[in-house]
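Analysis of the macromolecular model
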Amino acid sequence: MTKTDVVAMPRWDRRNLLSIEDLRPEGIRDVLDLADRLQGEPPTRATPEDFHHATVATVFFENSTRTRLSFELAAQQLSAKVLNFNADSSSVKKGESLRDTLSTIDAFGVDVIVIRHASSGVAVQASRWVNAAIINAGDGQHEHPTQALLDLFTLRQALGTQRGVMPEDLTGLRVAIVGDIRHSRVARSEVLALSAMGAHVTLVAPSPLLPTSVEGWPIEAVSSDLDHVIANTDLCYVLRIQHERMVEARLDDLDAYRHRFGLTLERAARLPEGALIMHPGPINRGVEIDSLVADAPNSLILAQVRNGVTIRAAVLSLLLGARRDEIQGAVK
Ligand code: CP
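Note that the structure is a prediction, hence the values are computed from the model and not measured. (Residues numbered from 1 in each chain as written. Predicted model: local features only at pLDDT ≥ 70, side-chain atom pairs only at ≥ 80, totals over all residues. Heavy atoms only, no water.)

1. Description of unusual backbone geometry
Operational definition: Every helix listed is a DSSP run of H or I at least four residues long, and every strand listed is a run of E at least two residues long, numbered separately from the N terminus. Only protein chains enter the calculation, and the probe is 1.4 Å; a residue is then buried if its accessible area is under 20% of its type maximum, exposed if over 50%, and partly exposed in between.
With an omega of 10°, the peptide bond between Pro 42 and Pro 43 qualifies as cis. Omega for the bond connecting Gly 281 with Pro 282 falls within 30 degrees of zero, at -5°, which places this linkage in the cis form. Assignment of secondary structure puts Pro 282 in the loop between strand 9 (276-278) and helix 11 (291-294). Of note, the phi angle at Arg 14 is positive, near 60°, even though the residue is not glycine. Mapped onto the elements, Arg 14 comes out in the loop between helix 1 (3-8) and helix 2 (20-39). Residue Arg 14 is classed as partly exposed on the basis of its relative accessible area, which comes to 27%.

This is the structure we're talking about:
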């Protein structure tokens, strides 16, 4: 994306959340600020809006623990009804197409469809098929925007605690994203979100786990030497190896991978003082991250999970509020 494109792009219309690119920095700030207000200490804590007339459908064609449960908790916090679609016990098993499945759920009059699917681009396609707002909860290797938002929120809080004041942005923060970048939708959303907030991102992976091209990615560098990068890293963001997405040769020698790219106890000790560790989960202890590192005081892994509920409540609130305003505007 060029600077000209950035200027030309319109503000987030709050109809869908398909990609971090939809939001632009202002939209990211809107979500983070609302999440701050939802989670703030009384008397600054905002009461979540009441959307008891609204229905949120969670439509997952791939497994999930964190994303599905946090969206469902978030919808409940907003008093919305939750419709939970389980692909394995649905008419998909009788051959119903994706489009017919989504049109059927849309016909119930749901307001938001939170969708996860193994194919990149499904969220965008779904947004063209249905009236409901679409939230991309992970589409293939493409994007997982609410993961990146909850990570920014968590990071901002942790830096605020360290510095005694909440940072406005992440200018100058040195981030290493380490691991299976090629197959990771989290990595794509993370690079867009972190760079939009001013962080300097370095991708660290063996060449088979890098995208075929990173042209246009807003990154500082690509490296295959974690030992070189580690001493200049303020945030080490570790990724899981996505065996389920490997259509090329599988990565079988996990010990060799850990030896060169794992965030081992020994490597984590060489991070600068105050450096933070994140992982989107699920984690494979002893492969991409050592168990003691995952559970260390500077690991934000469980804070990421906790903040997932708040961020998803903020995103749902913004989308549901925009739909309500549109309907009220239409009847005036
Ligand atoms: N990080 C993440 O998307 O986790 P789940 O697959 O458990 O939802």
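2. Details of the side chain of Asp 180
For the record, the criterion: Two N or O atoms count as a polar contact when they lie within 3.5 Å, although within protein this holds only if one can serve as hydrogen donor and the other as acceptor, and sequence-adjacent residues are included solely when both atoms are side-chain atoms. Only heavy atoms enter the contact rule, under which two residues are in contact if any of them lie within 4.5 Å.
The topology assignment puts Asp 180 in the loop between strand 5 (174-178) and helix 7 (185-196). Only 2.9 Å separates the side chain of Asp 180 from the side chain of His 183, close enough to count as a polar contact. Here the side chain of Asp 180 touches Gln 242 through a polar contact of 2.8 Å, landing on its backbone nitrogen. When neighbours within four sequence positions are excluded, Asp 180 is seen to be in contact with Leu 209, Leu 239, Arg 240, Ile 241, Gln 242, Met 246 and Tyr 257.

3. Thoughts on the layout of surface pockets
Heads up, the condition is: The rule is simple: put a 1 Å grid over the protein atoms alone, call a set of points where a 1.4 Å probe fits but cannot get out a cavity, call an open set with protein on both sides within 12 Å along at least five of seven lines a pocket, and count a residue as lining if it has an atom within 4 Å of a point. Grid points are joined across faces, edges and corners, and a volume is the space filled by probe spheres set on the points. Residues are sorted three ways: Asp, Glu, Lys and Arg are charged, Ala, Val, Leu, Ile, Met, Phe, Trp, Tyr, Cys and Pro are nonpolar, and all the rest, Gly among them, are polar.
Within this model, the second largest pocket holds a volume of roughly 360 Å³. Lining the second largest pocket are 20 residues; nearest its centre among them are Arg 116, Arg 185, Arg 240, Gly 281 and Pro 282. Where the lining of the second largest pocket is concerned, the elements lending two or more residues are helix 3 (66-77) and helix 7. Split into classes, the residues belonging to the lining of the second largest pocket amount to four nonpolar, nine polar and seven charged.

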